[in-house]
2 protein chains.
Amino acid sequence: MVKLSLVEENYLKAIYHLSGHGQENVSTNAIALQIQTTPASVSDMVRKLAKKKVVEYTKYQGVNLTNEGTKMALRIIRKHRLWEVFLVKELKFHWDQVHDVAEQLEHIQSPLLIQRLDEYLGFPKFDPHGDPIPNEHGEIEEKPKLTLSSLKECESGIIAAVKDTSAEFLKYMDKIGVYLGAQVTVMDIEQFDRSQEIEIDGAKRIFVSKQVSENILITQ
Amino acid sequence: MVKLSLVEENYLKAIYHLSGHGQENVSTNAIALQIQTTPASVSDMVRKLAKKKVVEYTKYQGVNLTNEGTKMALRIIRKHRLWEVFLVKELKFHWDQVHDVAEQLEHIQSPLLIQRLDEYLGFPKFDPHGDPIPNEHGEIEEKPKLTLSSLKECESGIIAAVKDTSAEFLKYMDKIGVYLGAQVTVMDIEQFDRSQEIEIDGAKRIFVSKQVSENILITQ
DNA sequence: AATATTTTTTAGATTAGTTTAAATTTAATA
DNA sequence: TATTAAATTTAAACTAATCTAAAAAATATT
Ligand SMILES: [Mn+2]
Ligand SMILES: [Mn+2]
Ligand SMILES: [Mn+2]
Ligand SMILES: [Mn+2]
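What you see is a predicted model; the values in this text were computed from it and never measured.

> Give a description of the relation of the copies chain A and chain B that names residues and reports values.
Once turned by 180° and shifted 0.0 Å along the axis, chain A lies on chain B with an RMSD of 0.0 Å. Such a combination of turn and shift is consistent with a two-fold rotation axis. Distance from the rotation axis, computed per C-alpha, reaches its smallest value in chain A at A:L105: 3.8 Å. A share of 100% of the interface residues of chain A reappears at the interface of chain B, consistent with the copies meeting face to face through the same patch.

Have a look at this one:
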């Protein structure tokens, strides 16, 4: 197994997230946008990663992870999410404060550390944003979830995750009282803009725009 | 306050450790040896650090930390030692396993993280090797300690720290049953090689060479 | 199909950190 | 004090990662 630099690790992660779990090839521009760099840098790096056999790449055709690359990306994501759990559960961070620190912690190299951390946290299956935590072999169990926006009137479910994990969005979730595990029922849908009136835990009623309801994920 | 790269942080730490808490100037070669690089690299870097006002440097005269530089070095050491406590106390790492991981973790940038970690651990005063943990202002309280080798026959004390924190030395400490907090009494000193027969906790008796007794620190 | 636009790649330069080899300064010794 | 040895600095070159600008390829539009 090849050894990657911190920068290379971030490229792998970006490609993983942009490819929709390996489904479609990722464009140079998309990667550049995601990791805040130039398309020229991405072109260079992608060639380098292809030489290391962690991505499949043909010029002008975009890039995707190899099996090896996917496993490596998922091991980094595993670390990211385990650290997020630690920060929230143990160090009482708020779920909108953990991402930037986890971006740093995910690059710490120590198999023992991450094994012990997993154990210490009681082998959590999801991170504070409801995202599943891959296992040590770089395997992930993704259950397809509905967006709140796809629910019809009178339908209900459990809030399982958020798509948008930006601090702004998470703070807004807090403000309106939406949290993971909450019971939600769609009371009314405004046909004009697809905004919803929803009921949280059979009590509080709030209005959410379509932009918001598309970023809330539901299980039933 | 200037912002330093990971590499620059390691230089500061090396200079701190080699200067004996700022007492004497540190030579280019000594730094090169400590951080496994070439004297040429050190010369370059030291000029760079002087420009950033974290070290005082005159060509051919060696280098030392400024007040600002000392504070920064101590904040990194604070992080290193707090993480070591976390690894041993919470994640059940052995005291000979923590150093390399702490070398990575000490560079994580998040004041909130380190503040919460400190709190989580109960504001520890010493790391697993008996070294004092600096406060958040970059201040450290160093109590002068005796080496075991300086004790005379029949004198005793408490083992407070180890000077050598290499895995080999620490494993040897385990093997002979030496641990922090143990009561130790010097039973006999061999004049020829200054080796000692010592008694641990008024029970077990062992022999230690001068090389070993010089690396064990005592309080009374 | 021809032209225009967008995307991607290449070329050349830049920065941080490093190395080797040569030059210089300091320290040691005869 | 003169010479030698050791330590230190400078010079030149290298790698990883980045950027700007220009060239090339792919798409979209007339
Ligand atoms: Mn995150
Ligand atoms: Mn997350
Ligand atoms: Mn250490
Ligand atoms: Mn330590």
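> Give a detailed account of unusual backbone geometry, specifying residues and quantitative values.
Of note in this structure, A:C154 is not a glycine but carries a positive phi near 80°. For A:C154, the location among the structural elements is in the loop between β3 (146-147) and β4 (156-162).

> Could you give an account of the sheet that holds strand β3 (residues 146-147) of chain B, naming the residues involved and the relevant values?
All names here are of chain B. The sheet built from six strands is open, its strands ordered β3-β8-β4-β5-β6-β7 with antiparallel pairing. The open sheet has two edge strands with one neighbour each: β3 and β7 (204-208). When strand β6 (residues 196-200) meets β7, the two strands line up antiparallel, connected through five bridges. From the neighbouring strand, I200 faces β7, where its bridge partner is K204. Contacts between helix α7 (residues 167-176) and the sheet are confined to β4 (156-162), β7 and β8 (216-219), with β7 contributing the most and set at about 145° to the helix.

> Tell me about the protein's contact with DNA strand C, residues and numbers included.
The environment of DNA strand C is formed by 21 residues, the closest being A:Y57, A:K59, B:S5, B:S41 and B:K48. Near the protein, meaning within 4 Å, the atoms of DNA strand C are sugar or phosphate in a fraction of 79%, with bases accounting for the rest. A:Y57 is positioned with one of its side-chain polar atoms (N or O) 2.4 Å from a phosphate oxygen of DNA strand C. Between a phosphate oxygen of DNA strand C and a side-chain N or O atom of B:T38, the distance comes to 3.1 Å. Listing elements by their share of the surface near DNA strand C, those giving two or more residues are α2 (28-34) and α3 (39-51) of chain A together with α1 (6-18) and α3 (39-51) of chain B. No other element matches α3(B), which puts five residues into the surface near DNA strand C. Its residues assigned to classes, the surface near DNA strand C comprises nine nonpolar, eight polar and four charged.

> Describe the packing of aromatic side chains, with residues and values.
Evaluated as defined, the whole model comprises six aromatic pairs over all chains. With a centroid separation of 6.1 Å and 85° between ring planes, the pair formed by A:Y120 and B:F86 is classed as edge-to-face. Of this pair, A:Y120 sits in helix α6 (residues 111-120) while B:F86 sits in helix α4 (residues 67-90), each in a different chain. In this structure A:Y120 comes out as partly exposed when scored by relative accessible area, which is 24%. B:F86 sits in the buried class, given a relative accessible area of 0%. An aromatic cluster is defined as three or more aromatic residues linked by ring pairs; in this entry it consists of A:W83, A:F86, A:Y120, B:W83, B:F86 and B:Y120. Lying over the aromatic face of A:F93, B:R116 brings its terminal NZ or CZ to 5.6 Å of the ring centre.

> So what's going on with the coordination of the manganese ion (ligand 1)? Which residues, and what values?
Residues and elements named next belong to chain A. Each protein donor to the manganese ion (ligand 1) is listed here as H80 (NE2), E84 (OE) and H99 (ND1); together their distances run 2.0 to 2.2 Å. Motif for the manganese ion (ligand 1), donor spacing along one chain: H-x3-E-x14-H. The metal-metal distance between the manganese ion (ligand 1) and the manganese ion (ligand 2) comes to 3.5 Å, with E84 coordinating both. Of this pair, H80 and E84 are both found in helix α4 (residues 67-90), four residues apart, which corresponds to roughly one turn of the helix. Per residue, the accessibility class of H80 equals that of E84, and both read buried.

> Account for the sheet that holds strand β8 (residues 216-219) of chain A, naming residues and giving values.
Residues and elements named next belong to chain A. With antiparallel pairing, the six strands of this open sheet are ordered in space as β3-β8-β4-β5-β6-β7. Edge positions in the sheet fall to β3 and β7 (204-208), since each has one partner strand and no second. By the bridge criterion, four bridges tie β4 to β8 in an arrangement that is antiparallel. Counted as the bridge partner of A161 is L217 from β8. Sheet strands in contact with helix α7 (residues 167-176) are β4, β7 and β8, and its direction is about 145° off that of β7.

Parameters at a glance
- Residues numbered from 1 in each chain as written.
- Chains lettered and ligands numbered in written order.
- Predicted model: local features only at pLDDT ≥ 70, side-chain atom pairs only at ≥ 80, totals over all residues.
- Heavy atoms only, no water.
- Least-squares fit on C-alpha atoms with pLDDT ≥ 70 in both.
- Contact = heavy atoms within 4.5 Å.
- Helix = DSSP H or I, 4+ residues; strand = E, 2+ residues; numbered from the N terminus.
- Pairing = 2+ DSSP bridges.
- Axes fitted to C-alpha atoms, helices over the stretch in contact; angles between N-to-C directions.
- Near = heavy atom within 4 Å.
- Polar contact = N/O pair within 3.5 Å; in protein donor to acceptor, adjacent residues only side chain to side chain.
- Nonpolar A, V, L, I, M, F, W, Y, C, P; charged D, E, K, R; others polar.
- Phe/Tyr/Trp six-rings, centres within 6.5 Å; stacked < 30°, edge-to-face > 60°.
- Buried < 20%, exposed > 50% of the residue type's maximum accessible area, 1.4 Å probe, protein only.
- Lys NZ or Arg CZ within 6 Å of the ring centre and 35° of its normal.
- Donors = N, O, S within 2.8 Å, 3.2 Å for Na, K, Ca; no water.

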